[in-house]
Number of protein chains: 4
Amino acid sequence: MADLNVLTICGSLRKKSYNAALVRALPELAPANMTFKAAPPWEKIPFYDADVQEKGFPAPVEEFAAAVRTADGIIITTPEYNWTIPGGVKNAFDWVSRMPPDKQPFKGKPVALQSASQGPLGGARMQYHLRMCMTYLGCDIFGLPEVFVMMAQNKFDKETLKLTDETTRKIVSQQLEGFAKYIERVKA
Amino acid sequence: MADLNVLTICGSLRKKSYNAALVRALPELAPANMTFKAAPPWEKIPFYDADVQEKGFPAPVEEFAAAVRTADGIIITTPEYNWTIPGGVKNAFDWVSRMPPDKQPFKGKPVALQSASQGPLGGARMQYHLRMCMTYLGCDIFGLPEVFVMMAQNKFDKETLKLTDETTRKIVSQQLEGFAKYIERVKA
Amino acid sequence: MADLNVLTICGSLRKKSYNAALVRALPELAPANMTFKAAPPWEKIPFYDADVQEKGFPAPVEEFAAAVRTADGIIITTPEYNWTIPGGVKNAFDWVSRMPPDKQPFKGKPVALQSASQGPLGGARMQYHLRMCMTYLGCDIFGLPEVFVMMAQNKFDKETLKLTDETTRKIVSQQLEGFAKYIERVKA
Amino acid sequence: MADLNVLTICGSLRKKSYNAALVRALPELAPANMTFKAAPPWEKIPFYDADVQEKGFPAPVEEFAAAVRTADGIIITTPEYNWTIPGGVKNAFDWVSRMPPDKQPFKGKPVALQSASQGPLGGARMQYHLRMCMTYLGCDIFGLPEVFVMMAQNKFDKETLKLTDETTRKIVSQQLEGFAKYIERVKA
């Protein structure tokens, strides 16, 4: 099996974010040939403004796009804000979507989605909006199983934020295993 | 009829934005008792970060929220980015949604949506995501008619960006008239 | 307080349906001035076909529409099938939506949504699609609180299908109380 | 190139349906190795009812599922009713989704979507709900280009219902060519 280098994009900035904690849990739950690298910080990207774009893509946008381009697959792990995608991480997608067709970083990239929340739905509403966004960006979007970490406050260690819930660990493992096969299958 | 003061929120930062141009067209298309004021700039709001929030809501968030609170109704006029809500303006909603229940600015506010784009769908996909977001924020959301300004490049004067398309002017007028009645009807 | 006669529409045909059981629980959880009546059976309506419509609306469509027209409010209680609205009950909406503008039964009707499922999300995904549908039909759509009965198999008595879960009973009561106020508030 | 046998599912029953006319236009716009067969009639399937299912899947459901199983790819061409999926064709998906995991007909099937409408949006709102549904059913869903035939009354010959609009013919051709490559690429 080929090595699969996966870029992780985390939608939360909070230090004790459950989504960030979920990202940190991925390596131990992944197939042996899958490695992970965090995307460059989207919080350094200014708000999208076409007038700014005219003067050139800001460096943090170029860095974000470059990291996406070199990945074999992408995992987006993000909270849901107000039943849809957080504005901050969405802003990064808004910028890179303006690149010329031959430089579109997400085009043809396999992508899988995850979300964690302290509520009962685990970010489910957001994931379908994100699927729409990633369809437009030209991704191949992984289907099932979905990963929704509901009631996240009960599923991570209070101190270390290690993912301790066995059911969640199992479904994340299943998703990563499925995603590895999906990447192999759909790559052009 | 009571005076209705409506706050406008524009989702685009571009100087020659068709959405901004649509906002500028509202006063001449509105019922006589409806006046408009632009929301404080959302682009001054930092990306949402719960760690920052712990130290207090940044001043631009408080200003944005205060303007929403004093309005009789809200009109959000925004482009669609990547089939959903632009990250920048969404970030403002993400911040104010964290305010305590009794200070939630959008709660019980009548809101109407508009969008303009240079493509054939006029931002239609985005509006349903925005409806979900505004439902969570507790708004009373105006229904029909919807305003989608498709192929906006053909509907505004190239130089002045004045809204010249008669069909569009008519539907915007109808929406504003309907929205005025809706505000009167649903106010608690 | 005026009497509020509410029409219930149940999206499931199964005899032991949890959604039907939820509808049966409504009277004891509702404000004193709210009474309930079941909609005429949508399963007697044929599949929508414009060629059939040309010869006249079938009697079961007219009966369904008439019941909607005379209600003060509507509650739709339905499972989610394949992440969206069940085809059967949707077919009833498809038919009545073809009536002439002055006979549109749902126009201006306050509507509230509920769903029960045996999975962890309780039908949440479906409700936002149903909100879109009902917006087009011209309803005034009740916002919060939402009613999702997740893991329904644990919340109803195994024998009698009586709604026994106290948390669920409370949220349903809150929704019905809120809906009663909403009906009063938005009626033209 | 291998022969690709594609099953077409049309969401409209109307004899002069623009969606049906679009399906009839596919062979002449498709790559040489792609052939088309119409799905068995979904209108013979009763409304989904778990109590009926207990006695066995009705014959028209089995026929519909069998046709899906033997196809190399699926094209769903359907109108939008009330901003979402028509109830009738959705009912067919609801039935087959209840089959045991190893008999799920849509699992792993490449699917592409098309819609035609007489309005300006061409069914766009519906397609994202259908994408969600087909994701749950386990399909590999083709992304871009999308086919929305807006203002369909102007794009087909009034008498013969032949697809005459050149722009539409071109985009349909592009979708079919892309879909052929996608089928080859994603097949397990």
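Preceding this paragraph is the structure being described.
Here we summarise the structure given alongside this text. (Residues numbered from 1 in each chain as written. Chains lettered and ligands numbered in written order. Predicted model: local features only at pLDDT ≥ 70, side-chain atom pairs only at ≥ 80, totals over all residues. Heavy atoms only, no water.)

A word on the side chain of K155 of chain D. Residue and element names in this part refer to chain D. With respect to the helices and strands, the residue K155 is situated in the loop between β6 (147-149) and α6 (166-186). D165 provides the closest opposite charge to the buried, salt-bridge-free K155, at an N-O distance of 4.8 Å. Apart from residues no more than four positions distant in its own chain, K155 is found in contact with V149, M150, K162, L163, T164, D165 and T168. (Helix = DSSP H or I, 4+ residues; strand = E, 2+ residues; numbered from the N terminus. Buried < 20%, exposed > 50% of the residue type's maximum accessible area, 1.4 Å probe, protein only. Lys, Arg positive; Asp, Glu negative; His and termini not counted. Salt bridge = Lys/Arg side-chain N within 4 Å of Asp/Glu carboxyl O. Contact = heavy atoms within 4.5 Å.)

Before going further, it helps to spend a moment on the interface of chain A and chain B. Much of the literature gives interface size as the accessible area that the parts lose upon coming together. With 32 residues of chain A in contact, the opposing surface of chain B contributes 32 residues. Our enumeration of links across chain A and chain B arrives at zero salt bridges. Where chain A touches chain B, the interface holds 15 residue pairs in polar contact (both at pLDDT 80 or more). Listing elements by their share of the side of chain A that touches chain B, those giving two or more residues are α2 (50-54), α4 (87-96) and α5 (124-136) of chain A. (Polar contact = N/O pair within 3.5 Å; in protein donor to acceptor, adjacent residues only side chain to side chain.)

To continue, consider the packing of helix α3 (residues 59-69) of chain C against helix α4 (residues 87-96) of chain C. All names here are of chain C. Remark: α3 packs on α4, axes separated minimally by 10 Å, with the N-to-C direction vectors making an angle of 85°. By the angle between their axes, α3 is roughly perpendicular relative to α4. Only A92, F93, W95 and V96 of α4 make contact with α3, whose side of the interface consists of V61, F64 and A65. Counted by class, the contact of α3 with α4 contains seven nonpolar, no polar and no charged residues. (Axes fitted to C-alpha atoms, helices over the stretch in contact; angles between N-to-C directions. Parallel < 35°, antiparallel > 145°, perpendicular 65-115°, else oblique. Nonpolar A, V, L, I, M, F, W, Y, C, P; charged D, E, K, R; others polar.)

L144 of chain C connects to P145 of chain C through a cis peptide bond whose omega is 0°. Relative to the elements of secondary structure, P145 of chain C occurs in the loop between β5 (140-141) and β6 (147-149). Positive phi values are uncommon outside glycine, yet N82 of chain B reaches one of about 55°. Counting through the fold element by element, N82 of chain B comes out in the loop between β3 (73-77) and α4 (87-96).

For the pair chain A and chain B, the best superposition has an RMSD of 0.0 Å and corresponds to a rotation of 180° with a translation of 0.0 Å parallel to the axis. Given the turn and translation reported, the copies of this chain are related as if by a two-fold rotation axis. In terms of C-alpha distance to the rotation axis, chain A has G87 of chain A as its closest residue, with the C-alpha 1.9 Å off the axis. Interface overlap between copies: 100% of the residues of chain A at the interface are likewise at the interface in chain B, consistent with a symmetric, same-surface contact. (Least-squares fit on C-alpha atoms with pLDDT ≥ 70 in both.)

What follows is about the pairing of strand β4 (residues 110-116) of chain B. Residue and element names in this part refer to chain B. Counting buried residues in β4 gives seven out of seven residues, a clear majority hidden from the surface. Across the two faces of β4 the burial is the same, with P110, A112, Q114 and A116 and V111, L113 and S115 all buried. Relative to β4, β3 is paired through four bridges, and the arrangement is parallel. Considered in β4, the bridge of I76 is made with L113. As paired elements, β4 and strand β5 (residues 140-141) share two bridges and run parallel to each other. Residue pairing in the sheet places V111 in a bridge with I141 of β5. The pairing of β4 with strand β6 (residues 147-149) spans three bridges and is parallel. Each bridged residue has a counterpart across the sheet, and for A116 the counterpart in β6 is V149. (Pairing = 2+ DSSP bridges.)

Turning our eyes to something else, we now look at helix α6 (residues 166-186) of chain C. Residue and element names in this part refer to chain C. With 21 residues, α6 should reach 30 Å at 1.5 Å per residue; the first-to-last C-alpha distance of 30 Å fits that figure. Within the span of α6, buried status applies to T168, R169, V172, Q175, L176, F179, A180, Y182, I183 and V186. Along the axis of α6, the buried residues cluster in a sector spanning 165°; they form a single face. Opposite its buried face, α6 presents the exposed residues E166, T167, K170 and K181, each directed more than 90 degrees away. (Expected span 1.5 Å × (residues − 1). Arc of directions from axis to C-beta.)

Scope: geometric values only; no functional claims are made or implied.
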